[in-house]
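Structural overview for review
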Amino acid sequence: MEKVIIVRYSEIHLKGNNRGWFEKVLVVNMEKSLKGLRHEIRRQSGRYLIENFDSENTDIILNKLKKVFGIHSYSVGLKVNSDLNEIYNACLEVCGDEGTFKVDTHRADKKFPLNSMQLNAEIGGKLLNDNPKLKVDVHNPLFIINVDIRENGTALVFNEFFKGAGGMPVGTAGKGLLLISGGIDSPVAGHMIAKRGMSIECLHFHSYPYTNMQAKEKVIELTKRLSSYICGTILNVVSVTHIQEEIHKKCDGEYMVTLLRRFMMRIAEEVAKRRGAQCLITGESLAQVASQTIEGMTSSNSVIKDLPVLRPLCGFDKNEIIERSRLIGTYEISIEPYEDCCTVFLPKHPVTRPKLCDIEREEKKLDIDALVDEALSGIEIIKI
C-alpha cells in the first residue's frame, strides 16, 4: 500500500493528436513546481501519479499543485494491487470512523472479476459489518470512498477531489509581455492570460526619484507571487522619469496621462520584440480611470505597430477584480501605499476622451525616438 497523489488534467483531453505535447508541457511545469521536493511523476492512462514523496511534505506538494495550470483536480490516495483484500484494506484506511458514506467504483480494467456495482456492494457491506457507527447514504453521504481499478493491475483508493487551477499548461499558447504596475489589476490580468497557457514576462515602469524604491520592491513582490503560477518569469524594469519631465515641461498638462501611456506602449512593444513576446497584456478595465476610456485605449493602441494588445479585464468591474486578486494572493501586496509612476505630475483634470489629432500635436513638441531609446538603454532585467 503506497500513498500517492492522483493528478487529472483539464482541457488537454480535447487536443486529439497533439495531446502528447500538451501532457509533456504539463509534466515539465509540475516538475518545476515541485523542484527541491523528493517525488516521482508517472503517467497512468489519462492521469498522473506523484509517488515516492515524503509524507510530511504532502500539504506542501498539494499547495504547489493547486497553482499549476492545466490540472483539473487532484486527490491524495492509496495505490494497491487489484486484489479485493488489498482494496478493502485501503478503503479502511480512507474511511471515516463514523457517519454516512458510499462507495463509488470506476472499473477501467474490465477483466476484474467484480463489476462496479458488485464491488460497491461488497466493500460497503464489509465496512458496515466491521464498523457499526457507519451508515450507507448513496444520495448525500458525509464522505465518498472512490475506488479506481486501473488496467495495469493496480487500484487507486481515495475520498476527496481537490479542485485544480484548470486552464491549459503555461507554455502551450505562446508568450506575452505583461505591463505590471503596483496596482490590483495587472497581476490579475497576467494570471488570467497565463491560465490560457501563455508564458509571461513582465514589464514595469518606474519614476525614481519621484517614486521611492519601495514602490519597485512592491512590484517585485507582486511578480514573485504571480511567478508561482507561471513557473518563474523575468521582470523588465524601465525608468520613464525623463519622459515625464519632458512632457511636464513642454506639453499641455491635461494630456500627461495619455502621452505617458503612449510612450509606455511604444517601449513595451520594443521590449516584447526583443524578448520574443508575441503580444502585450494590460490590466485595463473599460471606464475604470481616465486613461481607460475607449478613446484613451484607441490612443494607446495607435502607436503599436505589429503586436496585439490583450486586455482580459476589460469587461470586469473593480469588485470582480479585487475578488480575483484575493484568490491569487496579490491583493494585500497591491494595496500597500506606495505610488507608481502614473501618479507623478498627475493633472487635476486629465483629458478623458482625447482626440488623436490633439495628442499628435502635443507629441510634436517632444523627441519621441530619442526619449524611447534613452529609456530602453537603461532597462534592468530581474530574474524571478
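Residues numbered from 1 in each chain as written. Predicted model: local features only at pLDDT ≥ 70, side-chain atom pairs only at ≥ 80, totals over all residues. Heavy atoms only, no water.

**Focus on the environment of Ala90**
Here Ala90 shows up in helix 3 (residues 84-94). Among all residues touching Ala90, those that are not within four sequence positions of it are Met1, Leu78, Val80 and Val157. (Helix = DSSP H or I, 4+ residues; strand = E, 2+ residues; numbered from the N terminus. Contact = heavy atoms within 4.5 Å.)

**Looking at unusual backbone geometry**
Note the cis peptide between Tyr208 and Pro209, where omega equals 10°. Among the secondary structure elements, Pro209 is positioned in the loop between strand 11 (199-206) and helix 6 (213-230). One non-glycine residue, Asn52, lies in positive phi territory at about 55°. Position of Asn52 among the secondary structure elements: in the loop between strand 3 (47-51) and helix 2 (58-65). For Cys231, which is not glycine, the phi torsion reads 60° and is therefore positive. The topology assignment puts Cys231 in the loop between helix 6 and strand 12 (234-239).

**Some remarks on the environment of Val147**
Inspection of the secondary structure puts Val147 in strand 7 (residues 143-149). Exposure remark for Val147: the relative accessible area of 1% places this residue in the buried category. Taking the C-alpha atoms as reference, Val147 lies 23 Å from Asp54; in sequence the two are 93 residues apart. When sequence neighbours within four positions are dropped, the list of residues in contact with Val147 reads Ile87, Cys91, Val103, Asp104, Thr105, His106, Leu119, Ile123, Leu156 and Val157. (Buried < 20%, exposed > 50% of the residue type's maximum accessible area, 1.4 Å probe, protein only.)

**Things to note about helix 13 (residues 368-377)**
Of the positions making up helix 13, those classed as buried are Ile368, Leu371, Val372, Ala375 and Leu376. Taken down its axis, helix 13 places every buried residue within 130° of arc, on the same side. Exposed and oriented more than 90 degrees from the buried face of helix 13 are Asp369 and Ser377. (Arc of directions from axis to C-beta.)

**Details of a nonpolar patch on the surface**
On the surface, a nonpolar cluster with roughly 220 Å² of combined accessible area is contributed by Leu128, Val136 and Val138. By the element assignment, Leu128 lies in helix 4 (residues 116-130). Taking relative accessible area as the criterion, Leu128 reaches 33% and is therefore assigned partly exposed. (Patch = residues over 30% accessible without salt bridge, like charges linked within 9 Å, V, L, I, M, F, W, Y side chains within 5 Å. Areas by Shrake-Rupley, 256 points an atom, 1.4 Å probe, with all protein chains shown as cover. Salt bridge = Lys/Arg side-chain N within 4 Å of Asp/Glu carboxyl O.)

**Focus on helix 12 (residues 356-363)**
For helix 12, the full list of buried residues reads Asp358, Ile359, Glu362 and Glu363. Buried residues in helix 12, looked at end-on, bunch into an arc of 140°, giving them a common side. Here the buried face of helix 12 lies against helix 8 (256-274), helix 9 (294-301) and helix 13.

**Regarding the packing of aromatic side chains**
When we look at a pair of aromatic rings, we describe it by the centre distance and by the angle of the planes. In total, this model carries 5 aromatic pairs according to the counting rule given. With 4.9 Å between their ring centres and 75° between their planes, Trp21 and Phe22 make a pair best called edge-to-face. For Phe22, a relative accessible area of 10% gives the class buried. On the basis of an interplanar angle of 80° and a centroid distance of 5.2 Å, the ring pair of Phe158 and Phe161 is categorised as edge-to-face. We classify Phe158 as buried; its relative accessible area is 4%. The exposure class assigned to Phe161 is partly exposed, which follows from its relative accessible area of 49%. Positioned above the aromatic ring of Tyr229 is the side chain of Lys67, whose terminal nitrogen or guanidinium carbon lies 5.3 Å from the ring centre. Between Arg266 and the ring centre of Phe263, over which it is positioned, the NZ or CZ distance is 5.5 Å. (Phe/Tyr/Trp six-rings, centres within 6.5 Å; stacked < 30°, edge-to-face > 60°. Lys NZ or Arg CZ within 6 Å of the ring centre and 35° of its normal.)

**Overview of the nonpolar core**
Counting 34 residues, the largest nonpolar core has Leu177, Phe205, Ile243, Ile247, Phe263, Ile267 and Leu280 as its most contacted members. At the level of elements, strand 10 (175-179), strand 11, helix 7 (241-250), helix 8 and helix 13 are the ones that each hand at least two residues to this core. It is helix 8 that provides the largest number of residues to this core, a total of 10 residues. If we skip the residues at most four places from it in the chain, Leu280 touches Leu177, Leu179, Met265, Ala268, Glu269, Ala272, Ile304, Pro308, Val309 and Leu310. Core analysis: the next-biggest nonpolar cluster, separate from the first, contains 32 residues, Val170, Ile193, Ile200 and Ile322 among them. (Core = buried A, V, L, I, M, F, W, Y, C linked by side-chain atoms within 4.5 Å.)

**Structural notes on the packing of helix 8 against helix 13**
When two helices pack together, their arrangement is given by the angle between their axes and by how far apart the axes lie. Between helix 8 and helix 13, the least distance of the axes is 10 Å, while the angle of their chain directions is 50°. The pairing of helix 8 with helix 13 is recorded here as oblique in orientation. As helix 8 packs across helix 13, the resulting crossing turns out to be right-handed. Counted together, Phe263, Arg266, Ile267, Glu270, Val271 and Arg274 of helix 8 and Ile368, Leu371, Val372, Ala375 and Leu376 of helix 13 form the full contact between these two elements. Within the contact of helix 8 with helix 13, the residues separate by chemical class into 8 nonpolar, no polar and 3 charged. (Axes fitted to C-alpha atoms, helices over the stretch in contact; angles between N-to-C directions. Parallel < 35°, antiparallel > 145°, perpendicular 65-115°, else oblique. Left-handed = near helix turned anticlockwise from the far one by under 90°. Nonpolar A, V, L, I, M, F, W, Y, C, P; charged D, E, K, R; others polar.)

**Topic: the pattern of salt bridges**
Scanning the model with the defined rule gives 29 salt bridges in all. Across the salt bridge formed by Glu284 and Arg261, the nearest N and O atoms sit 3.7 Å from each other. Taken together, the residues Glu284 in the loop between strand 13 (279-281) and helix 9 and Arg261 in helix 8 connect sequence positions 23 residues apart. Each member of the pair, Glu284 as well as Arg261, is classed as buried.

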